[in-house]
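Secondary and tertiary structure notes
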Amino acid sequence: MDTRTITRTIPTSVGNLAVHVTGSGPPTVLWHSLFVDSTTWAPLRSHLVAHRQLISIDGPGHGASTAVQRRFTVEECAAAAVAVLDVLDVTEPVDWVGNAWGGHVGLVAAAHSPDRCRTVVTIGTPTQALTRRERARIVPMVWAYRLAGPVPPLTTAVMNVLLGKELSRTHPQQFQAVSRTFRQSPRRGMHEAMQSVMLHREGLDPLLPRIAAPTLMIVPRADTMISLEQARAAAATMPHAAATTVDGAGHVTPLIADPGTLADVITAFWRDPDRTVITASADLP
């Protein structure tokens with residue numbers, strides 16, 4: 001089994017994106033959460049790589065990708081992901097796994113390019129736009145970042161949303177590694193990304209009924225930005241979707257705290273999407 005990772009830089013409409021390709025087999029696209037990069041997939045990737053080609057994309061302004069000096073849309077990110085697949089000569093439909101922001105990109109890709117997505121898995125991905133209360137809390141944070149950068153209080157607040165407070169005690173090395181990806185990101189690019197995919201992100205509800213690909217929405221139980229009830233309501237508007245839960249206190253926590261369980265949920269879905277959707281729907285009250 002060859003688990004070497006080959007990294008390429010691929011020009012797209014949202015800048016030069018760093019793309020990390022590992023393994024061989026059915027193609028799987030991994031797109032990370034806002035504030036972090038593809039390194040957050042490492043624990044989960046080790047559970048999936050044996051029988052998969054994993055294509056991890058660093059979003060614009062994150063990781064090794066270039067920073068976009070303008071506001072951009074989730075639709076542009078989805079088109080860029082399809083462009084990446086074209087450059088890599090991936091013609092068969094992919095299994096998409098997206099964490100928060102990456103889930104938004106995957107849902108849009110599945111709606112606009114249905115022939116390119118076999119299935120979609122979202123992890124900690126709210127489909128609704130920010131509420132007025134959420135905006136009131138987040139707008140000052142975005143402006144504080146623009147003025148001061150990733151100062152300790154702001155970094156702590158972001159990590160609490162992504163990872164929860166407990167992970168810093170149970171997985172201190174991983175917590176610090178995730179925190180470092182945020183602190184080291186180019187400020188201009190990160191600020192544009194924060195505005196583009198958080199503050200000005202539109203709700204996806206009108207798009208959901210168009211997504212024919214089997215979709216599994218995974219919700220960390222203690223995620224403060226999305227509830228199981230919200231995910232179930234979104235899934236109910238889609239032709240072939242369901243929601244389920246895993247342990248975790250933030251968007252990224254399941255990838256780090258218990259990647260084995262998360263991998264089991266995802267691979268079971270891949271093996272039999274129909275059964276997983278039916279079972280997940282039946283298991284929830």
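Keep in mind that what you see is a predicted model, and the values were worked out from it rather than measured. Counting of residues starts from 1 at the beginning of each chain's written sequence and follows it residue by residue. Reporting in this predicted model follows two pLDDT cut-offs: at least 70 for local features of residues, and 80 or more for side-chain atom pairs to be given and counted; totals over whole chains, interfaces and linings ignore these cut-offs and use all residues. Calculation of side-chain values draws on the structure's entire complement of heavy atoms; hydrogens and water are dropped beforehand.

Within 6.5 Å between ring centres, the rings of Phe, Tyr and Trp (the latter by its six-membered ring) count as paired, and their orientation is classed by plane angle as stacked under 30 degrees, edge-to-face over 60, tilted in between. Per the counting criterion, the structure on display carries four aromatic pairs. Summarising the aromatic geometry, the rings of Phe-35 and Phe-182 are spaced 5.4 Å apart at their centres and angled 90 degrees between planes, so their arrangement reads as edge-to-face. Highlighted residues: Phe-35 in the loop between β3 (27-31) and α1 (42-48) and Phe-182 in helix α7 (residues 172-183), separated in sequence by 147 residues. Between Tyr-145 and Phe-182, the aromatic rings sit 5.6 Å apart at their centres with planes inclined by 35 degrees, giving tilted as the arrangement. With Tyr-145 in helix α4 (residues 132-148) and Phe-182 in helix α7, this pair connects stretches of sequence that are 37 residues apart. For Tyr-145, a relative accessible area of 0% gives the class buried. By relative accessible area, Phe-182 is classed as buried at 0%. The rings of Trp-31, Trp-96 and Trp-101 are connected pair by pair, giving a single aromatic cluster. Directly above the ring of Trp-270 sits Arg-52, whose terminal nitrogen or CZ lies 3.7 Å from the centroid. In DSSP terms, a helix is any run of H or I states spanning at least four residues, a strand is any run of E spanning at least two, and both are numbered starting from the N terminus. Exposure is judged per residue with a 1.4 Å probe applied to protein chains only, and the accessible area is read against the type maximum: over 50% gives exposed, under 20% gives buried, and values in between give partly exposed. Look at NZ for Lys and CZ for Arg. If either is within 6 Å of the ring centre and within 35 degrees of the ring normal, a charge sits over the ring.

This brings us to the pairing of strand β1 (residues 5-12). Here, a strand pair is defined by DSSP locating no fewer than two bridges between the strands. Strand direction decides the pairing type here: β1 and strand β2 (residues 15-22), joined by eight bridges, are antiparallel. Residue Thr-5 lies in a different strand from β2, and its bridge partner there is Thr-22. Here β1 folds back onto β2 in antiparallel fashion, the turn holding two residues.

Assignment of secondary structure puts Thr-119 in strand β6 (residues 117-123). Not counting residues within four places of it along the chain, the set of residues in contact with Thr-119 comprises Val-94, Asp-95, Trp-96, Ala-213, Pro-214, Phe-269, Trp-270 and Pro-273. Within polar-contact distance, the side chain of Thr-119 engages the side chain of Asp-95 at 2.5 Å. Between two residues, a contact is recorded if the distance between any of their heavy atoms is within 4.5 Å. Between N or O atoms, a polar contact is any pair within 3.5 Å; within protein, one atom must be a potential hydrogen donor and the other a potential acceptor, and residues adjacent in sequence are included only when both atoms are from side chains.

When two helices pack together, you describe them by how their axes are tilted relative to each other and by the distance separating the axes. A fitted line through C-alpha atoms represents every axis, and for helices the fit uses only the stretch in contact; the resulting angles, taken between N-to-C directions, go from 0 to 180 degrees. Viewed as axis vectors pointing N to C, helix α2 (residues 74-87) and helix α3 (residues 101-112) meet at an angle of 70 degrees, and their least axial separation amounts to 8 Å. Relative to α3, the element α2 is oriented roughly perpendicular. Each of Val-74, Glu-75, Cys-77 and Ala-78 in α2 lies in contact with α3, whose residues at this interface are Trp-101, His-104, Val-105, Val-108, Ala-109 and His-112. Each angle is binned into one of four classes, with values under 35 degrees roughly parallel, values over 145 roughly antiparallel, values of 65 to 115 roughly perpendicular, and all other values oblique.

This part is about the sheet that holds strand β7 (residues 215-220). To summarise the sheet geometry, strands pair through backbone hydrogen bonds and adopt either a parallel or an antiparallel arrangement. Strand order in the open sheet formed by eight strands is β1-β2-β4-β3-β5-β6-β7-β8, and the pairing between neighbours is mixed. Whereas interior strands pair on both sides, the edge strands pair on one side only; in this sheet they are β1 and β8 (241-246). Here the average twist between neighbouring strands, direction ignored, is 20 degrees. In the sheet, β3 pairs with strand β5 (residues 94-99) via four bridges, with the strands oriented parallel. Residue Trp-31 lies in a different strand from β5, and its bridge partner there is Gly-98. Relative to β8, helix α9 (residues 228-236) is tilted by about 165 degrees, and along the sheet it contacts β7 and β8. Taken strand by strand, helix α11 (residues 259-271) contacts β3, β5, β6, β7 and β8, and its axis lies near 155 degrees from that of β6.

Note on definitions: salt bridges are taken to be side-chain nitrogens of Lys or Arg within 4 Å of carboxyl oxygens of Asp or Glu. Here the structure, examined in full by the defined rule, presents seven salt bridges. The salt bridge involving Glu-166 is made with Arg-169; its shortest N-O contact spans 2.1 Å. Among the residues examined, Glu-166 registers a relative accessible area of 44% and is labelled partly exposed. One salt bridge in this structure joins Arg-188 and Glu-192, with 3.2 Å as the shortest N-O distance. A residue pair is termed a helical-turn pair when its members lie 3 or 4 positions apart in one helix, as Arg-188 and Glu-192 do in helix α8 (residues 187-199) at four residues.

This next bit is on the packing of helix α5 (residues 152-163) against α7. The N-to-C vectors of α5 and α7 enclose an angle of 125 degrees; their axes lie 10 Å apart at closest approach. In terms of orientation, α5 and α7 fall into the oblique class. Crossing geometry of α5 relative to α7 is assigned as right-handed. Where α5 abuts α7, its residues Thr-155, Val-158, Met-159 and Leu-163 lie against Phe-175, Val-178, Ser-179, Phe-182 and Arg-183. Polar here means any residue other than Ala, Val, Leu, Ile, Met, Phe, Trp, Tyr, Cys and Pro, which are nonpolar, and Asp, Glu, Lys and Arg, which are charged; Gly is therefore polar. Tallied by class, the residues present in the contact of α5 with α7 amount to six nonpolar, two polar and one charged. Note on convention: near helix rotated counterclockwise from far helix by under a right angle means a left-handed crossing. Clockwise means right-handed.

Moving on to unusual backbone geometry. Phi at Asp-89 is positive, roughly 60 degrees, even though this residue is not glycine. Here Asp-89 lies in the loop between α2 and β5. Using a relative accessible area of 63% as the deciding quantity, one classes Asp-89 as exposed. One non-glycine residue with positive phi stands out, namely Ala-100, at about 55 degrees. Tracing the chain through its elements places Ala-100 in the loop between β5 and α3. Overall, the relative accessible area of 5% leaves Ala-100 in the buried class.

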